[in-house]
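These are the residues of each chain, in order.
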Amino acid sequence: MLNLTIEDQSFVLAESWSEITFSQYITIINITTDESLNEILKAVKVISCISDKPEACEKCLLNISREDFESLGDHFEWTKRKIEQDSVQKEFLEIDGKTYKIKKEYNKLTLGEMISVETLIANNKNMNQFEVVFGVLLREVVDGKEKEFNEDDFLYVISKLQDKVMLLDVYNCISFFLSGVEMSTTKTSKAFSIQQMAKS
């Protein structure tokens, strides 16, 4: 993590994709695909969302000069690179004392699950495609068995667990899943460019 001090306020910011939560990644996608924002404001909001105090960080960044803001550029080069990881993808996650399994293959969904997924996509058109798949693939394990897919669990995973799961724990599985199914009704992610901050 990186420490940033602006005037009398200090912030802790992520230094790499390995320090980003899934929730932060979704926020980044939503910011960078928002056509109402210009590129500088997108960069400010992205940097703020990967800090420990997003609202305060954004306010401070908006109060520095453009020259000072642009000088931070080189420190966030990692965000311009493709997300890659060398470690083996996790199969299980422990969250709040519960065990969750990451379902890895789209073709192993039942017909009923696939129909449910398509229905959820149709009913949640503003939801990011990564977010939808996260809700589909993360399944609680009860008495050694993976729970069947249902809408209540799907909504619980999306609303309660995104900020408790690190991006790289699920990214590969979600990306692989998306390569096997087209979700045209959801937002698509695209590259964004921000810069990494140095320690003060």
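What this report covers is the structure whose coordinates are included nearby. Values in this document were obtained by computation on a predicted structure and should not be read as measured data.

1. Here we look at the packing of helix α2 (residues 39–49) against helix α3 (residues 54–62)
Between α2 and α3, the shortest axis-to-axis distance is 8 Å and the interhelical angle comes to 140°. The two elements α2 and α3 cross, and the hand of that crossing is right-handed. On α3, the residues touching Leu41, Val44, Lys45, Ile47, Ser48 and Cys49 of α2 are Pro54, Cys57, Glu58, Leu61 and Leu62. Looking at the contact of α2 with α3 residue by residue, the classes come out as eight nonpolar, one polar and two charged.

2. Thoughts on the packing of aromatic side chains
Evaluated as defined, the whole model comprises six aromatic pairs. Between the aromatic rings of Phe22 and Phe134, the centroid separation amounts to 4.2 Å while the plane-to-plane angle is 15°, which identifies the pairing as stacked. With Phe22 in helix α1 (residues 22–32) and Phe134 in helix α6 (residues 129–137), this residue pair connects regions lying 112 residues apart in the sequence. Its relative accessible area of 2% is what places Phe134 among the buried residues. Taking the centre distance of 5.5 Å and the plane angle of 85° together, the rings of Tyr25 and Phe130 count as edge-to-face. One end of the pair, Tyr25, is in helix α1; the other, Phe130, is in helix α6, with 105 residues separating them in the sequence. Just as Tyr25 is buried, Phe130 falls in that class too.

3. Topic: the sheet that holds strand β4 (residues 98–102)
The antiparallel open sheet is built from four strands, whose spatial order is β3-β4-β5-β6. Where the open sheet ends on each side, the last strands, each with one partner, are β3 (92–95) and β6 (145–146). Both β3 and β4 contribute to a ladder of four bridges, which runs antiparallel. If you follow Ile95 over to β4, its bridge partner there is Lys98.

4. A closer look at the state of the cysteines
Covalently bonding the sulfur atom of one cysteine to the sulfur atom of another cysteine gives a disulfide. All told, the structure shown has zero disulfides when counted by the stated rule. Looking at the unpaired Cys49, the closest cysteine sulfur is the one in Cys57, lying at 9.6 Å. What makes Cys49 buried here is its relative accessible area of 11%. Free of any disulfide, Cys57 has its nearest neighbouring cysteine sulfur in Cys60, separated by 6.9 Å. The class of Cys57 is buried, set by a relative accessible area of 0%.

5. What about α6?
With nine of nine residues buried, α6 is to be regarded as a mostly interior element. Residues of α6 that are buried: Gln129, Phe130, Glu131, Val132, Val133, Phe134, Gly135, Val136 and Leu137.

6. A look at the packing of α6 against helix α7 (residues 151–161)
Two numbers describe how α6 lies on α7: the axes approach to 8 Å, and their chain directions differ by 115°. Note that α6 runs across α7; the crossing there is right-handed. Taken together, the residues of α7 that come into contact with α6 (itself represented by Glu131, Val132, Phe134, Gly135 and Val136) are Phe154, Val157, Ile158 and Leu161. The residue inventory of the contact of α6 with α7, partitioned by class, reads seven nonpolar, one polar and one charged.

Reading guide: rules and limits
Residues numbered from 1 in each chain as written. Predicted model: local features only at pLDDT ≥ 70, side-chain atom pairs only at ≥ 80, totals over all residues. Heavy atoms only, no water. Axes fitted to C-alpha atoms, helices over the stretch in contact; angles between N-to-C directions. Helix = DSSP H or I, 4+ residues; strand = E, 2+ residues; numbered from the N terminus. Left-handed = near helix turned anticlockwise from the far one by under 90°. Contact = heavy atoms within 4.5 Å. Nonpolar A, V, L, I, M, F, W, Y, C, P; charged D, E, K, R; others polar. Phe/Tyr/Trp six-rings, centres within 6.5 Å; stacked < 30°, edge-to-face > 60°. Buried < 20%, exposed > 50% of the residue type's maximum accessible area, 1.4 Å probe, protein only. Pairing = 2+ DSSP bridges. Disulfide = S-S within 2.5 Å.

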